[in-house]
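Observations on the three-dimensional arrangement
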Amino acid sequence: MTHLTGTADTAGTTTAWSVAAEPHDSPVAAALWRAYYTEVSDRWYLLHEGRVTDPDELEREVAADSGEYLAPPDGVLLVARYGGEPVGTAGVRLADASTAELKRVFLLAEARGKGGAALLVTAAEDAARALGADRMVLDTRGDLVEARALYTRLGYEESAPHNDHAYAEHWFTKKLT
């Protein structure tokens, strides 16, 4: 599965985005997972404790979540590339036969504002449909206001909790059919 589109960057030139499935344990996936976890963890600690993530905790938590739930046959990890460079991820895993969960939506800072987040989420929705899901759910934190705005803009609606994850503060759902 590959999705291609072009988008104008701030200089007015057109650079191609591509989104394709990637093994959850590839070096590219590992580097993007580390960048994602570092950013969201540091953001939480800076907000709540005025510090960045302890390096030992970072290593422990990154190692603890292998992402194997994003492997076929019940999951997929998508990697977005901008100008050929890997810059973001979105994961999908089946929660049940008709419900998929959106995971690890992330773009490196230098790739933001160029249309990639919506492209990634749309590709994840296509992947969820390919897995047989007719509904997508996700959770996020209150301080991730950009994520909440993105999901709302893409037609997700806030919903009742579908899990009890420690850092989940907002839950969203969207019909895919």
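Up top you'll find the structure we're talking about.
Keep in mind that what you see is a predicted model, and the values were worked out from it rather than measured.

Take the pairing of strand 4 (residues 85-96) next. In the sheet, strand 3 (residues 75-82) pairs with strand 4 via 8 bridges, with the strands oriented antiparallel. Paired with Ala80 across the bridge in strand 4 is Gly88. The sheet contact formed by strand 4 and strand 5 (residues 99-107) spans 7 bridges and is antiparallel. Its bridge partner lying in strand 5, Leu94 is registered against Ala100. Counted between consecutive antiparallel strands, the loop separating strand 4 from strand 5 contains 2 residues.

Further remarks concern the packing of helix 1 (residues 27-49) against helix 2 (residues 55-64). Geometrically, a packed helix pair is captured by the angle between its two axes and the distance between the axes. Two elements in contact, helix 1 and helix 2, have axes whose closest approach is 10 Å; the angle formed by their N-to-C orientations is 130°. Judged on the interaxial angle alone, helix 2 and helix 1 are oblique. Judged by the sense of rotation from one axis to the other, the crossing of helix 1 with helix 2 is right-handed. Across the interface between the two elements, Trp33, Arg34, Tyr37, Thr38 and Tyr45 from helix 1 touch Glu57, Leu58, Glu59, Glu61 and Val62 from helix 2. Its residues placed into classes, the contact of helix 1 with helix 2 shows 5 nonpolar, 1 polar and 4 charged.

By size, the foremost hydrophobic cluster in this structure holds 43 residues, and its most contacted members are Leu102, Met136, Tyr151 and Tyr156. Not counting the four nearest positions on each side in its chain, Met136 is found in contact with Val92, Ala100, Glu101, Leu102, Ala124, Glu125, Ala128, Tyr156, Phe172, Thr173, Lys174 and Leu176.

So, how was this worked out
Residues numbered from 1 in each chain as written. Predicted model: local features only at pLDDT ≥ 70, side-chain atom pairs only at ≥ 80, totals over all residues. Heavy atoms only, no water. Pairing = 2+ DSSP bridges. Helix = DSSP H or I, 4+ residues; strand = E, 2+ residues; numbered from the N terminus. Axes fitted to C-alpha atoms, helices over the stretch in contact; angles between N-to-C directions. Parallel < 35°, antiparallel > 145°, perpendicular 65-115°, else oblique. Left-handed = near helix turned anticlockwise from the far one by under 90°. Contact = heavy atoms within 4.5 Å. Nonpolar A, V, L, I, M, F, W, Y, C, P; charged D, E, K, R; others polar. Core = buried A, V, L, I, M, F, W, Y, C linked by side-chain atoms within 4.5 Å. Buried < 20%, exposed > 50% of the residue type's maximum accessible area, 1.4 Å probe, protein only.

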